[in-house]
Amino acid sequence: MKILLTGGAGYIGSHTFVALRQASFEPVILDTFANSHPAVVQRLETITGQPVLLERGDVLDTPWVESVLRQHQPVGVVHFAGDKAVGESVAQPLKYFHNNIGGAVSLLRAMTAVHADGTVPTAPTLVFSSSATVYGDPASVPITEDFPRSHTNPYGHSKLVIEDMLTAVRAANPAWRVGTLRYFNPVGAHPSGLIGEDPAGIPNNLMPFVAQVAVGQRPCLSVYGNDYPTPDGTGVRDYIHVVDLAAGHVAALQALLNRGESFTVNLGTGRGNSVLEVIKAFEAASGCPVPYQFAPRRAGDVAQCYADAALAKELLGWQAHLTLDQMCADTWRWQSNNPMGYRM
Ligand code: NAD
Ligand code: UD1
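Quick caveat: nothing in here was measured; it's all calculated off a predicted structure.

Participant: A description of the sheet that holds strand E14 (residues 304–305) should follow, citing residues and the corresponding values.
Facilitator: If you walk across this open sheet you meet the three strands as E12-E9-E14, and the pairing is mixed. Strand pairing shows two members of the sheet lacking a second neighbour, strand E12 (273–274) and E14, which therefore form its edges. With two bridges joining them, strand E9 (residues 236–237) and E14 adopt parallel strand pairing. Bridge pairing in E14 places Arg 237 opposite Cys 305.

This is the structure:
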């Protein structure tokens, strides 16, 4: 059973590739490598012991995506492809509306075409990478899926629009089966140390920054704010191991294929950890100091954000198992084995 992974060469896509292989699916990667590196393909072949099916190209190219669907006849598609840097989205909003919203429109049109003419005989089945960013500044925690949605930047706006677009497509054609997954804060790496997060330039997110400080590439971490209404004053987030997150995609696809009902679920652990707790856990996992200094709050940040993860357990039989210590240990293995990421 083939599954098409748009953006499958990226951080979450590559880990999901491994999980799908382990669950006896046949994943096919569709990617431009705009924000990933072709070296990931060899690494995936080493981990899985099998050749990787790869279609190099742009999800914005609808006729080409149609031809890929016709060729591979996947029983499902996971749509990871897109841009994800919040700050860049504020500076270059059209890039985000074009690639994220335009990419989703293109994929949905291609899927509609091949299902309408019967080329792909199964019901259109899609898993979409949404984000906890759609909750904006939540009124309380933990966050359940029925919380109001809002956006504070063009990246978050693009996720909201795509969620709404999927609702409209399902309303127009109830045959569609759509699983919308709202990820909290994915971190960690595959335990092999062969694949992991490889941000270009200065990392925006906490865990890759901490890892680069621990390995000595950067002198010091700025902790954005120590006056939040949280136990130690620093921001609290729901960090989820990318291997658990990848397993969530397998569970989502199995639920869609077996039961045929659409859903929207949070993928998080249901626990929050502060920035200082992450630093301490990383120091313990790596044996290296992580020097830090307090800095002003980062614009747009919220004090606390963590999931109520009960619905994913109920609907998908999925829950996160890996601890913050394991997230740090696996990030450290990846970072110390690959200090330059995939660019060796
Ligand atoms: P990533 O950048 O590592 O992976 C995205 C992949 O998509 C890259 O390999 C990139 O080359 C590819 N891509 C981008 N535009 C493309 C296009 N037009 N055609 C084909 N390929 C294209 O990002 P990730 O962290 O793996 O995130 C995957 C998805 O999950 C994204 O949609 C992101 O918004 C969402 N998400 C990520 C996080 C996170 O913290 N990583 C959190 C919430 C949601
Ligand atoms: C960020 C994105 C969010 C996205 C999420 C995915 C912003 C404003 N939000 O969320 O849209 O869905 O990533 O993982 O970028 N921190 C520091 N120092 C740093 C970096 C971060 O103290 O150098 C703190 C932040 O203030 C926050 C926590 O660490 O309290 C986590 O930050 P980050 O990893 O960037 O994730 P989010 O802000 O949750």
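Participant: Outline the site of ligand 2, listing residues and values.
Facilitator: Within the structure, ligand 2 sits among 18 residues, and Leu 206, Ser 222, Arg 237, Arg 298 and Asp 301 are positioned closest to it. The side chain of Ser 131 places a nitrogen or oxygen atom 3.0 Å from an oxygen atom of ligand 2. Against a free-state accessible area of 730 Å², the protein chains account for coverage of 88% of ligand 2. Mapped onto the shell around ligand 2, the elements with two or more residues apiece are strand E7 (185–187) and strand E8 (221–224). For the shell around ligand 2, the element with the highest residue contribution is E8, accounting for four residues. For the shell around ligand 2, the residue count by class is eight nonpolar, seven polar and three charged.

Participant: Hey, could you go over the sheet that holds strand E11 (residues 263–267) for me, with residue numbers and the actual values?
Facilitator: Overall, parallel pairing links the seven strands, which are arranged E3-E2-E1-E4-E5-E6-E11 in an open sheet. The open sheet terminates on both sides in strands that have one partner only, identified here as strand E3 (53–56) and E11. Going from strand to strand, the sheet's axes swing by 20° on average, the running direction of each strand aside. Summarising the sheet, strand E1 (residues 2–6) and strand E2 (residues 26–31) pair through five bridges and their orientation is parallel. What sits directly across from Leu 4, in E2, is Val 28. Taken strand by strand, helix H6 (residues 154–172) contacts strand E5 (125–131) and strand E6 (177–183), and its axis lies near 155° from that of E5.

Participant: If you had to explain the site of ligand 1 to someone new, which residues and values would you point to?
Facilitator: Among the 26 residues in the neighbourhood of ligand 1, the closest are listed as Asp 31, Asn 35, Ser 36, Lys 84 and Tyr 155. A distance of 3.3 Å separates an oxygen atom of ligand 1 from a polar backbone atom of Gly 10. Isolated, ligand 1 exposes 810 Å² of accessible area, and the fraction of that covered by the protein chains is 94%. Listing elements by their share of the shell around ligand 1, those giving two or more residues are helix H1 (11–22), E5 and H6. Here the element with the most residues in the shell around ligand 1 is E5; it accounts for three residues. Along the lines of polarity and charge, the residues of the shell around ligand 1 split into eleven nonpolar, eleven polar and four charged.

Participant: I'd like to hear about the pairing of E6, residue by residue, with values.
Facilitator: With seven of seven residues buried, E6 lies mostly within the body of the structure. Here E6 shows no split at all, with Arg 177, Gly 179, Leu 181 and Tyr 183 on one side and Val 178, Thr 180 and Arg 182 on the other all buried. Looking at chain direction, E5 and E6 are connected through seven bridges and run parallel. The partner of Val 127 across the bridge, within E6, is Gly 179. What joins E5 to E6 is H6, and the crossover it makes is right-handed. Two elements, E6 and E11, share five bridges in a ladder whose sense is parallel. Across the sheet, Tyr 183 pairs through a bridge with Leu 267, a residue of E11.

What counts, and where the lines are drawn
Residues numbered from 1 in each chain as written. Chains lettered and ligands numbered in written order. Predicted model: local features only at pLDDT ≥ 70, side-chain atom pairs only at ≥ 80, totals over all residues. Heavy atoms only, no water. Pairing = 2+ DSSP bridges. Helix = DSSP H or I, 4+ residues; strand = E, 2+ residues; numbered from the N terminus. Near = heavy atom within 4 Å. Polar contact = N/O pair within 3.5 Å; in protein donor to acceptor, adjacent residues only side chain to side chain. Areas by Shrake-Rupley, 256 points an atom, 1.4 Å probe, with all protein chains shown as cover. Nonpolar A, V, L, I, M, F, W, Y, C, P; charged D, E, K, R; others polar. Axes fitted to C-alpha atoms, helices over the stretch in contact; angles between N-to-C directions. Contact = heavy atoms within 4.5 Å. Buried < 20%, exposed > 50% of the residue type's maximum accessible area, 1.4 Å probe, protein only. Right-handed = clockwise from strand over helix to strand, strands pointing away.

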